[in-house]
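Chain by chain, the residues:
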Amino acid sequence: SQELEQSPQSLIVQEGKNLTINCTSSKTLYGLYWYKQKYGEGLIFLMMLQKGGEEKSHEKITAKLDEKKQQSSLHITASQPSHAGIYLCGALAGGSQGNLIFGKGTKLSVKP
Amino acid sequence: NAGVTQTPKFQVLKTGQSMTLQCAQDMNHEYMSWYRQDPGMGLRLIHYSVGAGITDQGEVPNGYNVSRSTTEDFPLRLLSAAPSQTSVYFCASRWRASYNEQFFGPGTRLTVL
C-alpha cells in the first residue's frame, strides 16, 4: 500500500523566517493535496498539485510537485504566527475509487 | 452552502455503548468518506462511499458501520464502543472525479471510557 512520509515531524521557527516541509510518497504520485489544520479544528484545503513540475502559490505559501522524486515540498516565505498549525499532505491512492491517504503531519510553531 | 456538517462536536461514551456520528453535505457530492485522526498516526480512512447505496471499507473499518441512503448523508455507527475508538473523527466529501478539492467537516471528538 502507498505511504506518505512527511518531514520534519515538527518545526519551530522565528517569525519572518522561511521554511520547507516535504512529503515523500512510496509510490507514484497522481495527485498531491496540502491541507492545514489548526489545533483542535478541521482541515483547510491549501492547494492540489496534479502534474509533475507543477508549482502553485497561495499568499506566502508555495507548493511544488517533483514526479521523478515522488515528492512534494511546501515552502512558506516570511512566516507569521498565523501560519502555525499542522500541515498534512494527502495523495490519491492507487485504484479507481480515488481515496485520499495522508501523511502523519508536520507541526509548525512560529515564535513571535 | 453549509458545506460538510458533523454532529455532535464532542461525545463521551462508556465501553459497550453504541452511537451514530452524523455527517451531511449540501454540495451534491457523490464521494463521501470517514477518517479517524489519532496522535502520531495521521488521518486513516475508515469507510467511504462513491454514491447513494454504495459503501466500501477503508484502512481501519473494524468496529464501524456505514450506510448511504441519500446523497447528502453518510452516518458512521459505532456498534459497541471500545477505548481504542477514542479519537477525532472527520467526514469528508468531494465530486466523484479525482483531482477535486476534498472538503472536510469540523470533526467529532469522541472519548470512550
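Before reading on, note that the structure itself is shown above.
Reference entry: report on the structure contained in this document. Since the structure is predicted, the reported quantities are computational estimates derived from the model, not experimental observations.

### What to know about the pattern of salt bridges
Item 1. According to the stated counting rule, one finds four salt bridges over all chains in the structure shown.
Item 2. Across the salt bridge formed by Glu54(A) and Lys56(A), the nearest N and O atoms sit 3.8 Å from each other.
Item 3. On the basis of relative accessibility, which here comes to 30%, the residue Lys56(A) falls in the partly exposed class.
Item 4. Between Asp38(B) and Arg36(B) there is a salt bridge, with its nearest N and O atoms 2.9 Å apart.

### Examining the sheet that holds strand β8 (residues 76-78) of chain B
Residues and elements named next belong to chain B.
Item 1. Strand order across the open sheet formed by four strands is β1-β3-β8-β7, with antiparallel pairing between neighbours. Edge positions in the sheet fall to β1 (4-7) and β7 (64-66), since each has one partner strand and no second. Averaged over all adjacent pairs, the angle separating strand axes in this sheet is 20°, with direction ignored.
Item 2. Here β1 runs beside strand β3 (residues 19-25); their pairing, made up of four bridges, is antiparallel. Residue pairing in the sheet places Val4 in a bridge with Gln25 of β3.

### Re the nonpolar core
Item 1. Counting 22 residues, the largest nonpolar core has Leu19(A), Leu32(A), Trp34(A), Ile61(A), Leu74(A), Tyr87(A) and Leu108(A) as its most contacted members.
Item 2. For Leu74(A), the contacting residues outside a window of four places in its chain are Leu19(A), Thr20(A), Ile21(A), Trp34(A), Ile61(A), Thr62(A), Ala63(A) and Tyr87(A).

### Comments concerning the interface of chain A and chain B
Item 1. Contacts between the two partners involve 22 residues from chain A and, on the opposite side, 22 residues from chain B.
Item 2. Scanning the region where chain A abuts chain B turns up zero salt bridges.
Item 3. Elements with a contribution of two residues or more to the side of chain A that touches chain B: β4 (32-37), β5 (43-49), β9 (85-92) and β10 (100-102) of chain A.
Item 4. Split by residue class, the side of chain A that touches chain B holds 10 nonpolar, 10 polar and two charged.

### Description of the sheet that holds strand β7 (residues 61-66) of chain A
Residues and elements named next belong to chain A.
Item 1. In space, the five strands of this open sheet follow the order β1-β3-β8-β7-β6, with antiparallel pairing throughout. A strand with exactly one partner marks an edge of an open sheet, and here the two such strands are β1 (4-7) and β6 (55-58). Between one strand axis and the next, the sheet turns through 15° on average, direction left out of account.
Item 2. The pairing of β7 with strand β8 (residues 71-76) spans six bridges and is classified as antiparallel. Counted as the bridge partner of Lys64 is Ser73 from β8.

Thresholds, definitions, all that
Residues numbered from 1 in each chain as written. Chains lettered and ligands numbered in written order. Predicted model: local features only at pLDDT ≥ 70, side-chain atom pairs only at ≥ 80, totals over all residues. Heavy atoms only, no water. Salt bridge = Lys/Arg side-chain N within 4 Å of Asp/Glu carboxyl O. Buried < 20%, exposed > 50% of the residue type's maximum accessible area, 1.4 Å probe, protein only. Pairing = 2+ DSSP bridges. Helix = DSSP H or I, 4+ residues; strand = E, 2+ residues; numbered from the N terminus. Axes fitted to C-alpha atoms, helices over the stretch in contact; angles between N-to-C directions. Core = buried A, V, L, I, M, F, W, Y, C linked by side-chain atoms within 4.5 Å. Contact = heavy atoms within 4.5 Å. Nonpolar A, V, L, I, M, F, W, Y, C, P; charged D, E, K, R; others polar.

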